Every structure is written in C-alpha cells, then in structure tokens.
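Geometric and topological summary
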Amino acid sequence: MTELKKKEVECLEDAEDRGNATPADCKRTWDKLLCWPEADAGETLALPCPNILFHFMKEPAGVVKRNCTKKGWSDPFPPYHIACPVEDEIPLEEQSYFSTIKIIYTVGYSVSITSLIIAVTVLIAFRRLHCPRNYIHVQLFFTFILKAIAIFIKDAVLFQEEDIDHCSFSTTECKISVVFCHYFMMTNFMWLLVEALYLNCLLLSSLSHGRRYFWWLVLFGWGFPTFFTLIWILAKFYFEDTACWDVNQGSPYWWLIKGPIIISVGVNFVLFINIIRILLKKLDPRQINFNNSSQYRRLSRSTLLLIPLFGTHYIVFNFLPEYTSLGVRLYLELCFGSFQGFIVAVLYCFLNQEVQTEIGRRWHGKRYGLMRVWRRTRWTVPSSSGVKMTTSVC
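Residues numbered from 1 in each chain as written. Predicted model: local features only at pLDDT ≥ 70, side-chain atom pairs only at ≥ 80, totals over all residues. Heavy atoms only, no water.

Turning next to the overall build of the chain. Check the secondary structure of the chain and you find 12 helices and seven strands. When each of the 394 residues of the chain is scored for burial, the buried share is 43%. Taking the intrachain contacts of the chain between residues at least 6 apart in sequence as the baseline, contacts between residues at least 24 apart amount to 68%. Within the structure as shown, the chain displays about 22,200 Å² of accessible surface, and the carbon and sulfur contribution to it stands at 63%. (Helix = DSSP H or I, 4+ residues; strand = E, 2+ residues; numbered from the N terminus. Buried < 20%, exposed > 50% of the residue type's maximum accessible area, 1.4 Å probe, protein only. Contact = heavy atoms within 4.5 Å. Areas by Shrake-Rupley, 256 points an atom, 1.4 Å probe, with all protein chains shown as cover.)

Here it is, written out as structure tokens:
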C-alpha cells in the first residue's frame, strides 16, 4: 500500500508539472494501480501489470490497454483481473502453517495472561511484598497482560470475516486496535528496560535510594511510549492514512515505533554488561557478607536472564526487510513471544524466594492457627562510600 501511495503522488506531481503544456485529449491520470500518461484522441496505450502484483500472479505479467477518445479514457482492457491474474487462494500448506501458529500463540498468550494475573494478585495481596522493586515487577506484568489483550482484540477486529479485503479494509476500530497493539508492545520493551535500570540503581547505590528513582522510572515506562505513539498516530493520520495502519513495509514513520524499541534493546545489552561488571565486584566474599550476596544474586538472576532473552531477535530482524525470514520471524515474535509473560511471571514471582517464604508463612499460619508475625527483615548493604547502611527487604 505504501508503494502504491508513492506512485500515486509521483503521478499526480508530474501531472501538475505539465499543467502549462499543450492540453491533451486524455490527461495524465492514476487509476489506483497504474499511472497513465497523456495521450491524444485515437491513441491506444499499453502498460505492463503493476510491479506490486508480480509476487502474487499465477502467470507471467500481462499487458493492460486503454483507448484515448474525445470523451476521455476508456476502461482498461482486458480487465486487471484477467490481464494480471492474482493467486487469491492460500495453499493448504500455508493455511495449515498459519493455523498452527495462531493456535500456539493463542495458547501462549492465554497461559501468560492467567499466570500474570495470579502473579499480580500475589504481589499486591501480601503486604510484606510491597516495595518499589515489586511495584516495578507489577508494572511489567501489566504490560504483558495488556499487550496480549491488545493482540487478541486486533485479531478479532482485523479477521472478523474471512472474505475481508485487507488491502482496502479501513475502519476506525481497526486503526485503534493497531494503535493499542503497537503502544503496549513499546511499553513492554520500555518496562523491560526499566527493570534493568532499576537493578543498576540498586547495585550502584544503597537500596534506600530506590524510592528516589521509582517515580521517574514509572514516568519513563509509560510516558516515553505515549509520546512516540502519539507522534506516530499524527504522522499516519496526515501523511499515510491507508488501510488499518498495519502495513509498515517501506514506511519511514514505522521507525517512530521500532526505533525506540531497538534503542531500548541496545541499552539493555549495555546495562547487561555493566551489571555483570558490578556483580563481579559486589559478589566478592571479601567485600560483602553472605546475606547481601544471596540477595544480590536473587535480585539480579531474573533480570540477567531477561535482558539477553527478550528483544535480541527484534534488533536483528528490524534491520532486515519486513518480509525477510518470515517463517522464523513469526515463530519468534508470535509463538515464542506469546510465552514471555509466563516466563516473566515464573522468574519474578513463582520462583521468587521472598514470595515462596511469604506464601509458606501464610499457609502454615492458617493451617496451625498461628498468629501471623509481621516483621521486616533487616540486612546491611555497603554504600558507594563504604559505609554499611541498614534497609528493609520485602
């Protein structure tokens, strides 16, 4: 669609440039597929099928003709669907392939949503788990939940009927669904970056300073994607308002979405290297006691796994053309990506030793009728100045 839009603009611009020339019987015109040059009455022009149809044609490219009469251009003959026959049926193998992918990512997102809702409930329900670090985990969980819901809504809107012509289908509902899908995808990557940024803050300074950074990170995690998504909406609305805004091949405005995502993945990689460097110092038994060492390990293990795991494929594929290695891209972004939320819930909640301890305390307390003891565990952390500071661990 973007390529056709460009050709239409070029065709109409040439028509305006020739405005002062001697008027012809048939003016330069665009018929939504081909640009027909000026011609005099009695002429017959022949043009090859549009390049955009070459990938979908059943037979070698044909020729479309039009007669110029005193009344103007005649209809194309033979008609486009005869001169340029397009394969409009998807082969059974491809149908099976796409159906399998849809089943996998539907199951994946459903499992992710369920596990993430449970994880959010656990982190919110237990008061001892309330702290900036877990608040950030909850925000990340919400981005995964909202991204999955946005994808389900987009699929329901765009594929509500099998016979929809996606090249011409354009409604406000489908554009809104695509906008929210892109927005929550970007917020998801930004909150993965926030996780790494917050871990760096904790490793570079005392945990008592964590709250100082928390609200700035919240503003970044939601505000940064909002800013770029709004710019992308304005650009699409005024300069590229075609289809459902879901065709991004060759669109310069798509960089407003994928550019920040690629940068966030790159920054995550730099932070990953920096975290390793810091941990090599922090985990030195001669500089830190055992309690702090185990806390740093628990705190960093999940983030260190997530940074290289999520987003690496994105930064590779987005420097390639949109349809390069489509099969691999679909499996990584849809099938593998649909289970990311489940993996995050397992790493940050279900395998979290503090969560397991709190659940075990509640379980045994109710089981044996014991009174719950609300006690904040305290431990020491060496500050950047070398002075040990006492803080609470939730």
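Counted according to the given criterion, the structure contains 14 aromatic pairs. Relative to Y109, the ring of Y105 lies with its centre 6.1 Å away and its plane at 75°, an arrangement referred to as edge-to-face. Of the two residues, Y105 and Y109 both sit in helix α3 (residues 92–125), four residues apart, roughly one turn of that helix. Ring-pair connections join several aromatic residues into one group, and the members of that group are F220, F224, F227 and F228. (Phe/Tyr/Trp six-rings, centres within 6.5 Å; stacked < 30°, edge-to-face > 60°.)

As a packed pair, helix α4 (residues 132–158) and helix α5 (residues 172–204) sit with axes 8 Å apart at the nearest point and diverge in direction by 160°. In terms of orientation, α4 and α5 fall into the roughly antiparallel class. Every pair of crossing elements has a handedness; the one defined by α4 and α5 is left-handed. Looking at the contact of α4 with α5, its residues break down into 21 nonpolar, six polar and five charged. (Axes fitted to C-alpha atoms, helices over the stretch in contact; angles between N-to-C directions. Parallel < 35°, antiparallel > 145°, perpendicular 65-115°, else oblique. Left-handed = near helix turned anticlockwise from the far one by under 90°. Nonpolar A, V, L, I, M, F, W, Y, C, P; charged D, E, K, R; others polar.)

This part is about the nonpolar core. Within the largest apolar cluster, 26 residues are counted, with the highest numbers of intra-cluster contacts made by L123, I136, L140, F141 and C349. Of all the secondary-structure elements, those providing two or more residues to this core are α3, α4, α5, α6 (210–239) and α11 (340–350). With six residues, the single largest contributor to this core is α4. One finds V157, F189, F228 and V265 within the second-largest nonpolar core, a separate group that totals 17 residues. (Core = buried A, V, L, I, M, F, W, Y, C linked by side-chain atoms within 4.5 Å.)

Before going further, it helps to spend a moment on the side chain of S264. Topologically, S264 is positioned in helix α7 (residues 255–282). Assessed through its relative accessible area of 3%, S264 is described here as buried.

With the rule as written, the count across this model stands at six salt bridges. Of the charged contacts, one joins R128 and E358 as a salt bridge, the two residues approaching to 3.0 Å between their closest N and O atoms. Remark: E358 occurs in helix α12 (residues 353–367) and R128 occurs in the loop between α3 and α4; sequence separation between them is 230 residues. No difference in accessibility class separates R128 from E358, as the two residues are buried. For the salt bridge of E240 with K236, the shortest nitrogen-to-oxygen distance reads 2.8 Å. The pair formed by E240 and K236 is uniform in burial state, with each residue classed as buried. (Salt bridge = Lys/Arg side-chain N within 4 Å of Asp/Glu carboxyl O.)

Adjacent strands of a sheet pair through backbone hydrogen bonds, lying either parallel or antiparallel. Strand order in the open sheet formed by three strands is β3-β4-β5, and the pairing between neighbours is antiparallel. A strand with exactly one partner marks an edge of an open sheet, and here the two such strands are β3 (44–48) and β5 (72–73). With two bridges joining them, strand β4 (residues 63–69) and β5 adopt antiparallel strand pairing. Following the sheet pairing, T69 is matched in β5 by G72. (Pairing = 2+ DSSP bridges.)

This part is about unusual backbone geometry. With an omega dihedral of -15°, the bond running from F77 to P78 counts as a cis peptide bond. Along the chain, the position of P78 falls in the loop between β5 and α2 (80–83).

Moving on, we get to a negative patch on the surface. Side chains of D25, E38, D40 and E43 sit close together on the surface and give a patch of like negative charge. Mapping D40 onto the fold places it in the loop between β2 (35–36) and β3. (Patch = residues over 30% accessible without salt bridge, like charges linked within 9 Å, V, L, I, M, F, W, Y side chains within 5 Å. Lys, Arg positive; Asp, Glu negative; His and termini not counted. Charge placed at Lys NZ, Arg CZ, Asp CG, Glu CD.)

The next point concerns the pairing of β4. Alternating positions in β4 separate cleanly, V64, R66 and C68 being buried on one face and V63, K65, N67 and T69 remaining unburied on the opposite face. Looking at chain direction, β3 and β4 are connected through five bridges and run antiparallel. Considered in β4, the bridge of P48 is made with V63.

As a further point, take a nonpolar patch on the surface. A cluster of nonpolar side chains, contributed by F269, V270, I273, I276 and L280, occupies part of the molecular surface with about 500 Å² of accessible area. Turning to its location among the elements, I273 is positioned in helix α7.

For T229, the position within the fold is in helix α6. Given the relative accessible area of 4%, T229 is considered buried. Residues T229 and M186, 43 residues apart in the sequence, show an inter-C-alpha distance of 8.6 Å. Apart from residues lying up to four places away in sequence, T229 is in contact with V179, Y183, M186 and I257.

Moving on: α4. End to end, α4 covers 39 Å across 27 residues, agreeing with the expected 39 Å (1.5 Å per residue, within 8%). Of all 27 residues in α4, 19 are buried, a share of seventy percent or more. (Expected span 1.5 Å × (residues − 1).)

Working note: a packed helix pair is described by the angle between its axes plus the distance between those axes. Where α4 contacts α11, the two axes come as close as 10 Å, and the packing angle between them is 165°. Relative to α11, the element α4 lies roughly antiparallel. Considering how the two elements wind past one another, α4 and α11 form a crossing that is left-handed. Every residue of α11 that contacts α4 at H137, L140, F141, F144 and K147 is listed here: Q340, G341, V344, A345, Y348 and C349. For the contact of α4 with α11, the class distribution of residues is seven nonpolar, three polar and one charged.

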